[in-house]
Amino acid sequence: MKLISIILFFFVLPLAFADLQLGFYASSCRKAESIVQQVVQKRFSRDKTITAALLRLHFHDCFVRGCDASLLIDSTKNTTSEKNTGANASVRGYDLIDDVKEAIEATCPSTVSCADIIALATRDTVALSGGPKYNVPTGRRDGLVSNGNDVNLPGPGIPIPALTQFFAAKGITVEEMVTLLGAHTVGVAHCNFFSSRLSSNREQPDPTMDPALDAKLVKLCKSSNGAAFLDQNTSFVVDNEFYKQILVKRGVMQIDQQLALDKSTSTFVSNFASNGDKFGKSFASAMIKMGKVGVLVGNQGEIRQNCRVFNKRN
C-alpha cells in the first residue's frame with residue numbers, strides 16, 4: 001500500500017476571506033458537485049489513502065498564496081512552480097483533481113475552477129472516511145501565479161507558539177488550529193520526520209513518547225525510511241482517536257505530541273478526545289474557514305481549462 005505523509009506546514013499569508021456562495025454552480029453547472037462526488041467515490045473505493053493526500057494538498061495550496069490552486073501548476077523549463085519546491089515535492093492527489101476536471105469540462109467547459117474542485121473533493125473524501133459531512137461554499141477562481149520562491153513551509157518540529165502565530169495571521173484561532181491538525185488522524189509520516197525523537201538516536205529516551213511506541217518505531221526505522229501511521233488505531237477513519245493517543249504520549253511527530261502538552265492547546269485536545277461529535281463539528285467548521293483563506297473571486301484570476309497549466313493569453 002502506497003502511503004502518503006500528511007505533514008502540515010504553514011506560511012504567513014495576509015488575511016483575505018471573500019464572499020463565496022453555497023450552490024455557486026446551481027445554474028451554470030448544476031451537476032458540478034455530483035460529478036466531483038462520483039469521481040472521488042470511484043477513487044476512494046480502491047485507495048483509502050486518497051483522503052490524507054487531498055487534505056495535505058488542500059492545506060499546502062491554501063497556505064502559500066491562498067486557496068487558488070497555484071499548487072497544481074506544473075513547472076516549466078524557465079519556472080519552478082510550488083509543486084516542485086520543498087515539502088510540496090511529496091504531495092500527491094493531482095491525478096484525481098485532473099480526473100474530476102476532465103469530467104466537469106466535458107459537461108461545463110471553462111466554468112468550474114480547479115480551486116473549487118480541490119475544496120469539494122477534499123470534503124467528499126473526509127465524508128467517505130467517516131468524518132463530518134459539510135457544505136462547501138464555492139466561487140473560487142484559479143490563481144495566475146505559481147512560484148517556488150513563495151514556498152516557505154516550516155517543518156513538523158515548529159514550536160506551538162510559532163505555529164499559533166502562523167494561524168493567527170490567517171484569522172484562525174488556537175482551537176481551530178488544533179482542530180485542523182486533527183487531519184493527522186488519517187495521515188502518516190516517514191521516519192525522517194520523527195527519527196530525532198527515537199531512543200536509537202538519543203542518549204536518553206524521549207520522556208514524552210510512550211516506550212512501547214518508541215520500540216515499535218525504532219524497529220520500523222532501523223533499515224529504511226519507513227512510514228508510520230499518525231493515528232495508530234483507526235488509521236483510515238476521520239475521527240477523534242488521534243487526540244486520545246497524544247494524551248497518552250503516542251504522538252508520532254513532535255508537533256502532534258506538543259499539542260497535548262502545551263498549556264495553550266492541551267484543553268482543546270482533551271475536549272476533542274472526550275467528545276467525538278464536538279471534534280466532527282469543529283473540523284467541518286475549521287475546514288470551511290480555512291478554505292476561504294486568500295481566495296480569488298469575481299473577475300480575479302481565471303477558470304483554468306487544465307488545472308496543471310495557466311490558460312493561454314491572447
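Whatever comes next refers back to the structure up there.
All of these numbers come straight from a predicted model, not from anything done at the bench. (Residues numbered from 1 in each chain as written. Predicted model: local features only at pLDDT ≥ 70, side-chain atom pairs only at ≥ 80, totals over all residues. Heavy atoms only, no water.)

Participant: What is the right way to look at the overall build of the protein in this model?
Facilitator: Helices and strands together make up the secondary structure of the protein, namely eleven helices and two strands. The order of helices and strands in the protein, counted from the N terminus, is α-α-α-α-α-α-β-α-β-α-α-α-α. Taken along the three principal axes of its C-alpha coordinates, the protein extends 65 × 45 × 40 Å. A buried classification covers 54% of the 314 residues belonging to the protein. Taking the intrachain contacts of the protein between residues at least 6 apart in sequence as the baseline, contacts between residues at least 24 apart amount to 78%. (Helix = DSSP H or I, 4+ residues; strand = E, 2+ residues; numbered from the N terminus. Buried < 20%, exposed > 50% of the residue type's maximum accessible area, 1.4 Å probe, protein only. Contact = heavy atoms within 4.5 Å.)

Participant: What am I meant to see in helix 9 (residues 254-261) here?
Facilitator: Since the α-helix turns once every 3.6 residues, residues separated by three or four places project in the same direction. Listing the buried residues of helix 9 in full gives I255, D256, Q257, L259 and A260. Those residues of helix 9 that are buried lie in contact with helix 5 (160-168), helix 6 (174-181), helix 8 (241-247) and helix 10 (266-274).

Participant: How should I be thinking about helix 2 (residues 50-62) in this particular structure?
Facilitator: When the terminal C-alpha atoms of helix 2 are compared, their 18 Å separation across 13 residues agrees well with the 18 Å that a helix rising 1.5 Å per residue should span. With respect to burial, helix 2 is a largely interior element, 13 of its 13 residues being buried. (Expected span 1.5 Å × (residues − 1).)

Participant: What is the right way to read the pattern of salt bridges from this model?
Facilitator: Within this structure, the stated rule accounts for 18 salt bridges. In this structure, R123 and D124 form a salt bridge, with 3.0 Å as the shortest nitrogen-oxygen distance. Taking the relative accessible area as the measure of exposure, D124 reaches 7% and is therefore buried. Two residues, D206 and R197, come together in a salt bridge whose shortest N-O distance is 3.0 Å. By sharing partners, the salt bridges in this structure join R43, D47, R92 and D95 into a single network. (Salt bridge = Lys/Arg side-chain N within 4 Å of Asp/Glu carboxyl O.)

Participant: Would you explain the state of the cysteines in this entry?
Facilitator: Two cysteines form a disulfide when their sulfur atoms are joined by a covalent bond. Throughout the structure, instances matching the rule amount to four disulfides. The residue that forms a disulfide with C62 is C67, at a sulfur-sulfur distance of 2.0 Å. Every disulfide takes its handedness from the sign of the S-S torsion; for C62 and C67 that torsion is 115 degrees, giving right-handed. Of the residues examined, C62 reaches a relative accessible area of 0% and is grouped as buried. For C67, a relative accessible area of 1% corresponds to the buried category. Between C191 and C221 runs a disulfide, and the two sulfur atoms are separated by 2.0 Å. Handedness here is read from the sign of the S-S torsion; for C191 and C221, about -85 degrees, the answer is left-handed. On the criterion of sequence distance, the pair formed by C191 in the loop between strand 1 (188-190) and helix 7 (211-221) and C221 in helix 7 is long-range, its members being 30 residues apart. Since its relative accessible area comes to 4%, C191 is described here as buried. The disulfide pattern of the protein is 1-4, 2-3, 5-8, 6-7 when the bonded cysteines are numbered in sequence order. (Disulfide = S-S within 2.5 Å.)

Participant: Any chance you could explain the nonpolar core here in plain terms?
Facilitator: Buried together is how nonpolar side chains tend to be arranged in soluble globular proteins. Membership of the largest hydrophobic core comes to 82 residues, with the highest contact counts inside it found for L72, F194, Y243 and L259. Excluding residues that lie within four positions of it along the chain, Y243 makes contacts with V178, T179, L181, G182, V269, F272, A273 and F279. (Core = buried A, V, L, I, M, F, W, Y, C linked by side-chain atoms within 4.5 Å.)

Participant: Help me understand the side chain of K83, please; the structure alone is not making it clear to me.
Facilitator: Within the secondary structure, K83 sits in the loop between helix 2 and helix 3 (94-107). At 2.5 Å, the side chain of K83 and the side chain of D74 are in polar contact. Setting aside chain neighbours within four positions, we find K83 in contact with L71, L72, I73, D74, N88, A89, Y94 and R308. (Polar contact = N/O pair within 3.5 Å; in protein donor to acceptor, adjacent residues only side chain to side chain.)

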